[in-house]
Amino acid sequence: MKSILITGAVGFIGSNFVHYLLQNDHRSDLQVVALDALSYAGRLDNLKGLEGEGRFTFIKGDILDAALLSKLLVRHSIDCVVNFAAHTHVDRSISNPTPFTLNNVLGTQTLLEAARRYWEEPNYVVGTEPCRFIQISTDEVYGALGPEDPPFTESTPLYPSSPYSASKAAADLTALAYHKTFGMPVIITRCSNNYGPRQYPEKLIPLMISKALRDEPLPVYGDGLQVRDWLQVEDHCAAIIAAINRGRLGEVYNIGGHNEHSNLYIVNLILNALHKSPDLIDHVTDRPAHDRRYAINPDKTRSELSWEPKHDFESGLRSTIYWYLNNPSWLVPGADHHY
Ligand SMILES: NC(=O)c1ccc[n+]([C@@H]2O[C@H](COP(=O)([O-])OP(=O)(O)OC[C@H]3O[C@@H](n4cnc5c(N)ncnc54)[C@H](O)[C@@H]3O)[C@@H](O)[C@H]2O)c1
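For clarity, every value in this text was computed on a predicted model and none was experimentally measured. (Residues numbered from 1 in each chain as written. Predicted model: local features only at pLDDT ≥ 70, side-chain atom pairs only at ≥ 80, totals over all residues. Heavy atoms only, no water.)

Colleague: Where do I start with the sheet that holds strand β11 (residues 260-262) in this structure?
Modeller: Read from one edge to the other, the open sheet built from 3 strands follows the order β7-β9-β11, with strand pairing classed as mixed. Each edge of the sheet is formed by a strand with only one pairing partner; in this case those strands are β7 (193-195) and β11. Averaged over all pairs of adjacent strands, the angle between their axes in this sheet comes to 50°, without regard to strand direction. Here 3 bridges tie β7 to strand β9 (residues 227-232), and the two strands are oriented parallel to one another. Of the residues in β9, the one forming a bridge with Asn193 is Trp230. Against the sheet, helix α7 (residues 233-246) contacts β7 and β9, and its axis sits at roughly 70° relative to β9. Of the strands in this sheet, β9 and β11 touch helix α8 (residues 263-273), which is tilted by about 80° from β11. (Pairing = 2+ DSSP bridges. Helix = DSSP H or I, 4+ residues; strand = E, 2+ residues; numbered from the N terminus. Axes fitted to C-alpha atoms, helices over the stretch in contact; angles between N-to-C directions. Contact = heavy atoms within 4.5 Å.)

Dropping the structure here:
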């Protein structure tokens, strides 16, 4: 890609992706266009430091705004779209599902349609690079695993449990239908849980760090033995770039690093790193339909995309904790949401 539109670019993974791309791709003619609606989770500070970067443009806007999308696709000659834009918090999707369906399903379809119309225009100048539409999805679309089940592969049936994961599954299916029906150059990536800098402090790791630093009870759902498969966010970014460069169209790629850990294990690691007592742990009523276990089989991504994660979990988590200690304003005081 030469001119890339990154949506949801101010959120946790989107902003890490923007930084990672600009740091690792040294082409002077690369153009990075960052779009974000600046919802509560989109923090403009996440793109701090890029003000003087001539290859970078930020636009405040919504993927539901078809007119804006058409304009900026043309203006910036976009040949690659990476769609991170979504409402992402499972608890919020349980208390109010409608914005999840609207943003994640209709938003993705609006973006697909705008890209399709632009790339199919008779006077669209095909650049030196082939067009790509990368839909950023999640392992949550597969639903829950039992303790002895094998990890999710790309052919595991979709069986989402929450309005959030259902909206992501619907977006994936819409993107794949655009590939089949219109020949859109779609690739889907499904990653496990990410950790790293710049995550909104309603999610497990920054929430627990912020509570622990204030010596407040750490709310752990149920017995805390729900298992997630964790990946450092830069490893996710590297896999997305590999998918853009080497992925096959119409394919799904699972991304994960074989780091299955229970929530309780992670909370204890955080308490230990911050020299806080495990007595701060407060077991609270479990979330409805809380998936017990996710685990990703990333073999296809490793072999087809020649991708390998670089970070090991324990040291990656320690670096993440230090990052929040050095950037305390990211741990918004008073954050009282569960993860
Ligand atoms: N966080 C994870 O562990 C994880 C794992 C796998 C996949 N994902 C997927 O990665 C993507 C990014 O997740 P995240 O954790 O960075 O989320 P996030 O909530 O931190 O960021 C989402 C961003 O999207 C923006 N946004 C929401 N609706 C929009 C709209 N209609 N138009 C424009 N911008 C909009 C928000 O303002 C926010 O900046 C999501 O699609 C999510 O499903 C996340």
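Colleague: Is there a simple way to think about the sheet that holds strand β5 (residues 132-138) in this case?
Modeller: Paired through their backbone hydrogen bonds, the strands of a sheet run either parallel or antiparallel. Taken in spatial order, the 7 strands make up an open sheet running β3-β2-β1-β4-β5-β6-β10, and their pairing is parallel. The sheet is open, and its two edges are formed by β3 (56-60) and β10 (252-255), each paired on a single side. Going across the sheet, the axis of each strand differs from the next one's by a mean of 20°, ignoring polarity. Alignment of strand β1 (residues 3-7) against strand β2 (residues 31-36), held across 5 bridges, turns out to be parallel. Bridging across to β2, Thr7 finds its partner in Leu35.

Colleague: For this particular structure, what's the right way to read the packing of helix α6 (residues 204-213) against helix α10 (residues 313-326)?
Modeller: Across the interface, α6 lies against α10 with an axial gap of 11 Å and an inter-helix angle of 55°. The pairing of α6 with α10 is recorded here as oblique in orientation. For α6 against α10, the interelement crossing comes out right-handed. For the pair formed by α6 and α10, the contact residues are Ile205, Pro206, Ile209 and Leu213 on the first element and Leu317, Thr320, Ile321, Tyr324 and Leu325 on the second. Class assignment for the residues of the contact of α6 with α10 results in 8 nonpolar, 1 polar and no charged. (Parallel < 35°, antiparallel > 145°, perpendicular 65-115°, else oblique. Left-handed = near helix turned anticlockwise from the far one by under 90°. Nonpolar A, V, L, I, M, F, W, Y, C, P; charged D, E, K, R; others polar.)

Colleague: Teacher, can you tell me more about a nonpolar patch on the surface here?
Modeller: On the surface, a nonpolar cluster with roughly 270 Å² of combined accessible area is contributed by Leu213, Tyr322 and Leu325. Looking at the secondary structure, you find Leu213 in helix α6. Of the residues examined, Leu213 reaches a relative accessible area of 36% and is grouped as partly exposed. (Patch = residues over 30% accessible without salt bridge, like charges linked within 9 Å, V, L, I, M, F, W, Y side chains within 5 Å. Areas by Shrake-Rupley, 256 points an atom, 1.4 Å probe, with all protein chains shown as cover. Salt bridge = Lys/Arg side-chain N within 4 Å of Asp/Glu carboxyl O. Buried < 20%, exposed > 50% of the residue type's maximum accessible area, 1.4 Å probe, protein only.)

Colleague: Explanation requested: α7 in the structure shown.
Modeller: Over its 14 residues, α7 extends 20 Å from the first C-alpha to the last, a length consistent with the 20 Å expected when each residue adds 1.5 Å. Burial analysis of α7 places 11 of its 14 residues in the buried class, which makes it a mostly covered element. Listed as buried for α7 are Val233, Asp235, His236, Cys237, Ala238, Ala239, Ile240, Ile241, Ala242, Ala243 and Ile244. The backbone nitrogen of Glu234 has a side-chain oxygen 2.6 Å away, supplied by the residue at the start of α7, namely Gln232. (Expected span 1.5 Å × (residues − 1). Polar contact = N/O pair within 3.5 Å; in protein donor to acceptor, adjacent residues only side chain to side chain.)

Colleague: I'm lost on the nonpolar core in this one. Help?
Modeller: In summary, soluble globular proteins display a tendency toward joint burial of nonpolar side chains. Formed by 39 residues in total, the largest nonpolar core has its most connected members in Ile4, Phe17 and Val82. At the level of secondary structure, the elements contributing two or more residues to this core comprise β1, α1 (12-24), β2, β4 (80-83), β5, β6 (186-191), α7 and β10. If you tally residues by element for this core, the top one is α7, at 9 residues. Those residues within four positions of Ile4 in sequence are excluded, and the remaining contacts are Phe17, Leu21, Gln31, Val32, Val33, Ile78, Cys80, Val82 and Ile244. Formed by 35 residues, the second largest nonpolar core is a distinct cluster that contains Leu73, Val81, Leu111 and Tyr124. (Core = buried A, V, L, I, M, F, W, Y, C linked by side-chain atoms within 4.5 Å.)

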